[in-house]
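# Geometric and topological summary
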Amino acid sequence: MHTIALYNNKGGVGKSTLTLFMADFLASLTVAGRLLRVLVIDLDAQGSSSTALLGDEKGRQARAADLSIGHLALQLAEGGRPALEPFLLLRPRSRSGHPPLPAITVLLPERESIFNFDANPLQSLTLLSHTLKPLLEQIFDIVLLDLPGNLDERHLLAINGLVMSDSIVIPMEPTRLAIHALPETLRMIRYAQGKNRRGTPTLLGIVLNRTDRRSRQFHLHVPEMVQFLEQTGTPCFANCLPNAPELANATDDTLAFTSLKDRYGGYYPHVKKVVKELFDRWQQAPLG
Ligand SMILES: Nc1ncnc2c1ncn2[C@@H]1O[C@H](COP(=O)(O)OP(=O)(O)OP(=O)(O)O)[C@@H](O)[C@H]1O
Ligand SMILES: [Mg+2]
């Protein structure tokens, strides 16, 4: 199993969108004679990726029954051995008249950040690594974690998610604001790495989103970005994702039940290239 966090402390840079499309593409891949088994753990209270995958109604019902990652973590923290199955929600496979969608499983976020503060049982930042990860290893090949922006040390559940990851991808836009948000993002990644004896998660690199390498905007900010990346030793993917205006509704659950591949033809092929590069980077990364 490989666990990948999509994280950038800056909001609105495309974390949830890339999570959704990577999950969809990876779940369509056959390896060693069977389809990859993909889980998306949504750790952002906004629930963008989980709502797009499950639909608002299914998410609402499951949350009302306390079937969220937070409640699962609480039971694990209290030493319980919860049955995982009720928490693992399946994306609806098809709508009438459409071919079946690749199977994706989802773990829901909390609606509110009720697990943020000191006086709660999630004190251990390695709780999910030690308790949840071994259980997931028996079921899934790939786990994608959709992280919220604006993290700090108080966000115990989200940081638990970072700590349990093998690798991190940072979706980012080539804008000055996004460049200025990078130091804080890297600081939180180092914080998560410091909690792990193996030094994971490994930072696989930045994926530039809404990027046209020929645009004036891109060239305007390239020198500042390159300088920052060199100074901090931060890797960057060679493949980037284009601005795709049709994506405005991609995390809208009323649309997402049709094939993402057919609907978002301008964006999807770039996701495939990013995933391919990701595989190459794994093979080179010193993973534990
Ligand atoms: N390449 C793109 N081209 C055009 N629009 C995009 C692109 N990527 C993402 N978007 C749109 O930008 C908005 C923000 O994207 P998304 O929700 O994925 O970002 P995020 O980093 O997860 O945000 P948050 O920090 O709020 O969780 C969404 O409306 C999404 O549809
Ligand atoms: Mg998001």
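Here we summarise the structure given alongside this text. (Residues numbered from 1 in each chain as written. Chains lettered and ligands numbered in written order. Predicted model: local features only at pLDDT ≥ 70, side-chain atom pairs only at ≥ 80, totals over all residues. Heavy atoms only, no water.)

The next subject is the sheet that holds strand β8 (residues 167-172). Read from one edge of the open sheet, seven strands run β5-β6-β4-β7-β1-β8-β9, paired in mixed fashion. Strands with a single pairing partner mark the edges of an open sheet, and in this sheet they are β5 (89-90) and β9 (202-208). For strand β1 (residues 2-6) and strand β7 (residues 142-146), the ladder comprises five bridges, and the chain directions are parallel. Across the sheet, residue leucine 6 finds its bridge partner in β7, namely aspartate 146. Strands β1, β7, β8 and β9 of the sheet are contacted by helix α11 (residues 268-284), whose axis makes an angle of about 155 degrees with β9. (Pairing = 2+ DSSP bridges. Helix = DSSP H or I, 4+ residues; strand = E, 2+ residues; numbered from the N terminus. Contact = heavy atoms within 4.5 Å. Axes fitted to C-alpha atoms, helices over the stretch in contact; angles between N-to-C directions.)

Our next topic: the pairing of β9. Most of β9 sits out of view: seven of its seven residues are buried. Here β8 runs beside β9; their pairing, made up of six bridges, is parallel. Bridging from a neighbouring strand, methionine 172 pairs with leucine 208 of β9. Traced from β8 through helix α7 (residues 176-194) to β9, the parallel crossover comes out right-handed. (Buried < 20%, exposed > 50% of the residue type's maximum accessible area, 1.4 Å probe, protein only. Right-handed = clockwise from strand over helix to strand, strands pointing away.)

Around ligand 1, the structure places 17 residues, and the nearest of them are Thr17, Asn209, Arg210, Ala244 and Leu247. For ligand 1, an oxygen atom lies 2.9 Å from a polar atom in the backbone of serine 16. Against a free-state accessible area of 640 Å², the protein chains account for coverage of 85% of ligand 1. Under a 2 Å grid-point criterion requiring more than half of the atoms, the pocket assigned to ligand 1 is the largest pocket. Within the shell around ligand 1, the residues separate by chemical class into six nonpolar, eight polar and three charged. (Near = heavy atom within 4 Å. Polar contact = N/O pair within 3.5 Å; in protein donor to acceptor, adjacent residues only side chain to side chain. Areas by Shrake-Rupley, 256 points an atom, 1.4 Å probe, with all protein chains shown as cover. 1 Å grid on protein atoms, 1.4 Å probe; cavity = no way out; pocket = protein on both sides within 12 Å on 5 of 7 lines; lining within 4 Å. Sits in = over half its atoms within 2 Å of the grid points. Nonpolar A, V, L, I, M, F, W, Y, C, P; charged D, E, K, R; others polar.)

Across all of its chains, the model carries five aromatic pairs by this definition. When the centroid spacing of 5.4 Å and the interplanar angle of 75 degrees are considered together, the rings of phenylalanine 21 and tyrosine 264 count as edge-to-face. Here tyrosine 264 lies in the loop between α10 (260-263) and α11 and phenylalanine 21 lies in helix α1 (residues 15-26), a separation of 243 residues in the sequence. Ring centres of phenylalanine 279 and tryptophan 282 lie 4.9 Å apart, and the angle between their planes is 75 degrees; on these two criteria the pair is classed as edge-to-face. Of the two residues, phenylalanine 279 and tryptophan 282 are both situated in helix α11; the distance of three residues between them amounts to about one turn of the helix. Residue class for tryptophan 282 comes out buried when judged on its relative accessible area of 12%. Among the aromatic residues, ring-to-ring pairing joins Phe21, Phe25, Tyr264, Tyr267 and Tyr268 into one connected group. The lysine or arginine in question, arginine 281, covers the ring of phenylalanine 237, its NZ or CZ lying 4.6 Å from the ring centre. (Phe/Tyr/Trp six-rings, centres within 6.5 Å; stacked < 30°, edge-to-face > 60°. Lys NZ or Arg CZ within 6 Å of the ring centre and 35° of its normal.)

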